[in-house]
Amino acid sequence: MTPNEKTIIKFYTAFANADASTMCECYHSKIEFRDPVFGLLKENDVCQMWKMLLERSNGNLKVIFSDCKANEFTGSAHWQATYLFSKTNRTVINKIIAQFQFKDGLIIKHTDDFDLYKWSKQAFGITGFLLGWTGFFQGKIQNQAQESLRKYISKNTK
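Summary of the structure given here. Throughout this document, residue positions are counted from 1 along each chain, in the order its sequence is written. Note on the predicted model: pLDDT of at least 70 is required for a residue's local features to be given, and 80 or more for side-chain atom pairs to be given and counted; whole-chain, interface and lining totals, by contrast, use all residues. The side-chain figures draw on all heavy atoms in the structure; neither hydrogens nor water molecules are used.

Some points on the overall build of the protein chain
Next, step 1: Helical segments are the DSSP runs of H or I of at least four residues, strand segments are the runs of E of at least two, and each set is numbered from the N terminus. Counting its regular elements, the protein chain contains six helices and six strands.
Next, step 2: Element order for the protein chain, N to C, with α for helix and β for strand: α-α-β-β-α-β-β-β-β-α-α-α.
Next, step 3: For 158 residues, the compact-globule estimate of 2.2 N^0.38 gives 15 Å, and the C-alpha radius of gyration of the protein chain, at 15 Å, lies within 12% of that figure.
Next, step 4: Along the longest, intermediate and shortest principal axes, the C-alpha atoms of the protein chain span 45 × 40 × 30 Å.
Next, step 5: The buried share of the protein chain, taken over its 158 residues, is 43%.
Next, step 6: A contact between two residues is defined here by any heavy atoms of the two lying within 4.5 Å. Partitioning the intrachain contacts of the protein chain with sequence separation of at least 6 by distance along the chain shows that 51% fall at a separation of at least 24.
Next, step 7: Note on areas: these come from Shrake-Rupley sampling with a 1.4 Å probe, and a residue is covered only by the protein chains present in the view. Here the protein chain displays about 8,900 Å² of accessible surface, and carbon together with sulfur accounts for 52% of that area. In this treatment the radius of gyration is a C-alpha quantity, and the globule benchmark scales as 2.2 Å times the residue count to the 0.38 power. Remark: exposure states derive from per-residue accessible area (1.4 Å probe, protein chains only) relative to the maximum for the residue type, with buried under 20%, exposed over 50%, and partly exposed in between.

A look at the packing of helix 4 (residues 116-124) against helix 6 (residues 135-156)
Next, step 1: Here the axes come from fitting lines to C-alpha atoms, over the contacting stretch only for helices, and the angles between their N-to-C directions go from 0 to 180 degrees. The N-to-C vectors of helix 4 and helix 6 enclose an angle of 70°; their axes lie 11 Å apart at closest approach. Taken together, helix 4 and helix 6 sit at an angle that is classed as roughly perpendicular. Of the residues in helix 6, those in contact with Leu116, Tyr117, Trp119, Ser120 and Phe124 of helix 4 are Phe137, Gln138 and Ile141.
Next, step 2: Of the residues that constitute the contact of helix 4 with helix 6, the class distribution is six nonpolar, two polar and no charged. With respect to orientation, any angle under 35 degrees is reported as roughly parallel, any angle over 145 as roughly antiparallel, any angle of 65 to 115 as roughly perpendicular, and every other angle as oblique. All residues other than Ala, Val, Leu, Ile, Met, Phe, Trp, Tyr, Cys, Pro, Asp, Glu, Lys and Arg, Gly among them, are scored as polar; the first ten of these are nonpolar and the last four charged.

Side note on the packing of helix 3 (residues 44-57) against helix 6
Next, step 1: One way to put it is that helix 3 packs onto helix 6 with a least axis distance of 10 Å and a crossing angle of 95°. On the basis of the axis angle, helix 3 is roughly perpendicular to helix 6. Of the residues in helix 6, those touching helix 3 at Asp45, Gln48, Met49, Lys51, Met52, Glu55 and Arg56 are Ser148, Leu149, Tyr152 and Ile153.
Next, step 2: When the residues that make up the contact of helix 3 with helix 6 are grouped by side-chain class, the tally is five nonpolar, two polar and four charged.

What follows is the structure in structure tokens.
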């Protein structure tokens, strides 16, 4: 097992244990994260996002991961999150493919890719089914996620 594979496993093991601090230890200080819901986040905002998501899950988040692979520079993993979406109280089972880049033994780029339309159908029900494929609705999801994160950071860094 490569050192970077160990880092990926450490990250997802911490995630499964709702340990945001250990997750953030796996990140380089110049981390860039991207996914369909939050868009691009950088540096401390990435760790704040994980902290917010874990806190809001109230222990009702199940994370499983597999296929952790990495070489000296890049890596990947498959993971699945099962949780209750707080805005609608609907169960979401999100299957994600993660891509990583490493620098100095830490993750410097982390990209999570998943089908936002499939996610929106689970999270929003009929509204997601009817509108979740549209750029307007997907933009609205991203704007709300980013605004939620800004409020969380503002509240927790005073």
